[in-house]
Amino acid sequence: MLRLPKFRYLQPASLSEAVRMMSDAGPDAMYVAGGTDLYPNMKRRQQVPKVVIGLAHLKQLRTMKGKPAEGMVLGAGLVLTDVAEERRIQRSYPAVAKATELISTPLLRNMGSIGGNLLLDTRCNYYDQNYEWRKAIHFCMKKDGEICWVAPSSPRCWAVQSSDCAPVMVAIGAKVKLVSSSGERVIGAAELYHDDGIQHLNKQPGELLTEIHLPATNGWRATYWKLRRRGSFDFPVLGVATCVRQAGDGTVEDAKIILGGVGSSPLEAVLAQRAIIGKKLTDETIREAAAAAYPAAKPLDNTDFAMSWRKDMARYYVAGTLRELAGLPPSFPKPDGDNGSPVLRVL
Ligand SMILES: Cc1cc2nc3c(=O)[nH]c(=O)nc-3n(C[C@H](O)[C@H](O)[C@H](O)COP(=O)(O)OP(=O)(O)OC[C@H]3O[C@@H](n4cnc5c(N)ncnc54)[C@H](O)[C@@H]3O)c2cc1C
Ligand code: SF4
C-alpha cells in the first residue's frame, strides 16, 4: 500500500487566511481541494509539499452566481457533480456539463473540484508510477531525473494535459481569477496553459484559483467529445471541445476547435477553424475541417493507445463534434486520407 509522506495540514477559515498561509509557508506549500490528484501524486512522491492548505470546506469557493444570458461565475471549489447536475449548466453550457460528467467515476466527481481539474498535473506513463518504479529507470526529467524516456533527445517534457474541462473552458472563452498576496488577476483560460509538461501552468505556485467565469451565452454553441478505453474511470487520451457561432443562415461566424489529451496543453486546431469560418457546416466543409485537424494533434507514446491511432481519431472526433453542432446525423464522414480506423468509443 502506498502511504502519504509526512506533511503539515492547515485549514484556513477564509480565502484571505488561505492566501496568508500560503504566503507564510512559501514554496514548500500547496493547496488541496478534493485531493483526488494531489494525494495520489504525493503517495507516488511526484509532489512532496511540506505544508498542505485545505480548501474543501471553504464555502466562498463553492458558490455559483449569475445567469447564463449575462455569464456565470463558478467557485473553483465546486465539486464536479454539483457542476454536472446544475440545471443552468446543463441547459446553457452543455459542453461544461458533459465534460464534468465524463470525468472519472461518481465517487471521484463527488470529491474532485472544478478548480483542481483545471490545474491537474500533466500525465505520462513514465511519471505516473510509484517511487521505486521511477527510481528503477533513474527517474525522468519531470521529477528527480535528467532524461525524457519518451523522447530521449528532447530538451523538454511531453507529459500530457489530461483535464476534461480544460479544452472546454478554452474553447468557450472562459476566464479564471487567480488571487495571491500580491493581488489578483483575471486571465483567459487559454492563457492559463503552457505547452510544456513540467511548466504547464502560467500560474505562480502561490496563486489561488478562486473563480471560473463562463461567458454569456449570446449565440455560440459548444460540445465536447472524449476518447478513452473504458466508459468510466479513464482519463481522456483525446478530448475535442468545439464551439461555433453561426449567423441566422447557418454561416459560421467564429469557431474554436480545441484538442485535449494530445499535447502538454489544450491545442488550438487553427487550420480546422479556418476551414469552416465564413462557410456553412456541410459534409464537405466538415470533412475539410477534420482533415485540417490532423496535424494539430501531437500525441506521443506516453499514455494509453497507439499514438498514431489517437492522432487519426482527432479527425473523426472533430468531424463528430461539428456534425453534432450542425444537427447532421452522427455518422462519421470519411475525412480525407481515411485509413479505415474503427471508432472504438464515442462519448
Ligand atoms: C482514478 C482517477 C481517474 C481520474 N479520471 C479523470 C478524468 O477522466 N478526467 C479528468 O479530467 N480528471 C480525472 N482525474 C483527476 C481528478 O480526479 C480530477 O481532475 C479532479 O477534478 C481534481 O480535482 P481535486 O479537487 O481533487 O484536485 P486536487 O487534487 O485537490 O488538486 C489538484 C491540483 O490543483 C491544485 N489546486 C486545487 N484547487 C486549487 C485552487 N483552488 N487554487 C490553486 N490550486 C488548486 C492542487 O495544489 C493540485 O496541484 C482522475 C483521478 C483519478 C484518481
Ligand atoms: S514526457 Fe518525458 S520527461 Fe515528461 S514525464 Fe514523460 S518521460 Fe518524463
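Residues numbered from 1 in each chain as written. Chains lettered and ligands numbered in written order. Predicted model: local features only at pLDDT ≥ 70, side-chain atom pairs only at ≥ 80, totals over all residues. Heavy atoms only, no water.

K.L.:
Honestly, the site of ligand 2 in this entry has me stumped. Any pointers?
P.N.:
Neighbouring ligand 2 are Cys124, Tyr126, Tyr127, Cys140, Met141, Lys142, Cys148, Trp149, Val150, Cys157, Trp158 and Ala159. Class assignment of the residues belonging to the shell around ligand 2 gives a composition of eleven nonpolar, no polar and one charged. (Near = heavy atom within 4 Å. Nonpolar A, V, L, I, M, F, W, Y, C, P; charged D, E, K, R; others polar.)

K.L.:
How do you make sense of the confidence of the model for the protein chain when you look at a structure like this?
P.N.:
Close inspection of predicted coordinates is inappropriate in any region flagged by low pLDDT. Confidence in the prediction for the protein chain averages 95 pLDDT; 95% of positions are at 70 or higher. Ignoring residues within four places in sequence, the model shows residues 333–347, a span with pLDDT below 50, making 46 contacts including any to other chains. (pLDDT = per-residue confidence, 0-100. Contact = heavy atoms within 4.5 Å.)

K.L.:
What is the right way to read the side chain of Ser265 from this model?
P.N.:
As for its position among the elements, Ser265 is in the loop between β11 (252–260) and β12 (267–268). Judged by its relative accessible area of 7%, Ser265 is buried. Apart from residues lying up to four places away in sequence, Ser265 is in contact with Gln161, Tyr193, His194, Asp195 and Leu259. (Helix = DSSP H or I, 4+ residues; strand = E, 2+ residues; numbered from the N terminus. Buried < 20%, exposed > 50% of the residue type's maximum accessible area, 1.4 Å probe, protein only.)

K.L.:
So what exactly am I meant to see when it comes to the site of ligand 1 here?
P.N.:
The environment of ligand 1 is made up of 32 residues, and the closest members are Tyr31, Ala33, Thr36, Ser113 and Asn117. Note that an oxygen atom of ligand 1 is positioned 2.7 Å from one of the backbone N or O atoms of Ala33. Computed on the free molecule, ligand 1 has an accessible area of 980 Å², of which 93% lies beneath the protein chains in the complex. Breaking the shell around ligand 1 down by element, the ones donating at least two residues are β2 (29–32), α7 (114–118) and β8 (208–214). Tallying contributions element by element places β2 first for the shell around ligand 1, with three residues. Counted by class, the shell around ligand 1 contains 16 nonpolar, ten polar and six charged residues. (Polar contact = N/O pair within 3.5 Å; in protein donor to acceptor, adjacent residues only side chain to side chain. Areas by Shrake-Rupley, 256 points an atom, 1.4 Å probe, with all protein chains shown as cover.)

K.L.:
Help me understand the nonpolar core in this model?
P.N.:
If you look at soluble globular proteins, the nonpolar side chains tend to sit buried side by side. If you look at the biggest cluster of nonpolar residues, it comprises 41 residues, and the most contacted ones within it are Leu74, Ile89, Ile114, Met169, Ile172 and Leu214. Per-element tally for this core: the top contributor is helix α9 (residues 165–172), with seven residues. When sequence neighbours within four positions are dropped, the list of residues in contact with Ile172 reads Val96, Leu214, Pro215, Trp220, Ala222 and Cys243. Among the nonpolar cores identified, the runner-up in size contains 34 residues, and Leu238, Val262, Leu267 and Phe305 belong to it. (Core = buried A, V, L, I, M, F, W, Y, C linked by side-chain atoms within 4.5 Å.)

K.L.:
How do you make sense of the pattern of salt bridges when you look at a structure like this?
P.N.:
A pair can form between side chains of opposite charge whenever their charged atoms are brought close. A full pass over the atoms with the stated rule returns 17 salt bridges. Here Arg185 and Glu207 are joined by a salt bridge, their closest N and O atoms 2.8 Å apart. With Arg185 in strand β7 (residues 183–188) and Glu207 in the loop between α10 (189–192) and β8, this pair connects stretches of sequence that are 22 residues apart. Of the residues examined, Arg185 reaches a relative accessible area of 33% and is grouped as partly exposed. Here the salt bridges share partners, and the residues they tie into one network are Lys65, Lys177, Glu184 and Glu211. (Salt bridge = Lys/Arg side-chain N within 4 Å of Asp/Glu carboxyl O.)

K.L.:
Would you take a moment to explain the environment of Pro27 for this structure?
P.N.:
When you line up the elements, Pro27 lands in the loop between α1 (15–25) and β2. Linking Pro27 and Gly206, residues 179 residues apart in sequence, is a C-alpha distance of 7.4 Å.

K.L.:
How should I be thinking about the environment of Arg87 in this particular structure?
P.N.:
Here Arg87 lies in helix α4 (residues 87–92). Along the sequence, Arg87 and Ala222 sit 135 residues apart, while their C-alpha atoms lie 16 Å from each other.

K.L.:
How should the sheet that holds strand β10 (residues 238–246) be read in this particular structure?
P.N.:
The strands making up a sheet associate through backbone hydrogen bonding, with each pair oriented either parallel or antiparallel. Taken in spatial order, the four strands of this open sheet run β9-β10-β11-β12, and their pairing is antiparallel. On the outer flanks of this sheet lie β9 (220–227) and β12, each paired with one strand and no other. Here two bridges tie β11 to β12, and the two strands are oriented antiparallel to one another. Within β12, the residue paired with Leu259 across the bridge is Leu267. (Pairing = 2+ DSSP bridges.)

K.L.:
Looking at this structure, I do not really get helix α13 (residues 307–326). What am I missing?
P.N.:
For an α-helix, the turn length of 3.6 residues means that residues three or four places apart are oriented alike. With 20 residues, α13 extends 29 Å from end C-alpha to end C-alpha; this agrees with the ideal 28 Å at 1.5 Å per step. Judged by how many residues are buried, α13 sits mostly within the fold: 16 of 20 residues are covered. Phi turns positive, to about 75°, at Gly327, one or two residues after α13. (Expected span 1.5 Å × (residues − 1).)

K.L.:
Sorry, what's going on with unusual backbone geometry here?
P.N.:
We note that Arg45 has phi near 60°; this positive angle belongs to a residue other than glycine. Considering the arrangement of structural elements, one finds Arg45 in the loop between α2 (38–43) and β3 (51–54). Even without glycine at this site, Asp144 takes up a positive phi of about 75°. Structurally, the position occupied by Asp144 is in the loop between α8 (131–136) and α9. For Asp144, a relative accessible area of 47% puts it in the partly exposed group.

K.L.:
Help me understand the sheet that holds strand β4 (residues 64–67), please; the structure alone is not making it clear to me.
P.N.:
Reading across from one edge, β4-β5-β8-β6-β7 is the order of the five strands in this open sheet, with antiparallel pairing throughout. Every interior strand has two partners, whereas the edge strands, β4 and β7, have only one. With direction set aside, neighbouring strand axes in the sheet form an average angle of 15°. Relative to β7, strand β6 (residues 175–180) is paired through six bridges, and the arrangement is antiparallel. (Axes fitted to C-alpha atoms, helices over the stretch in contact; angles between N-to-C directions.)

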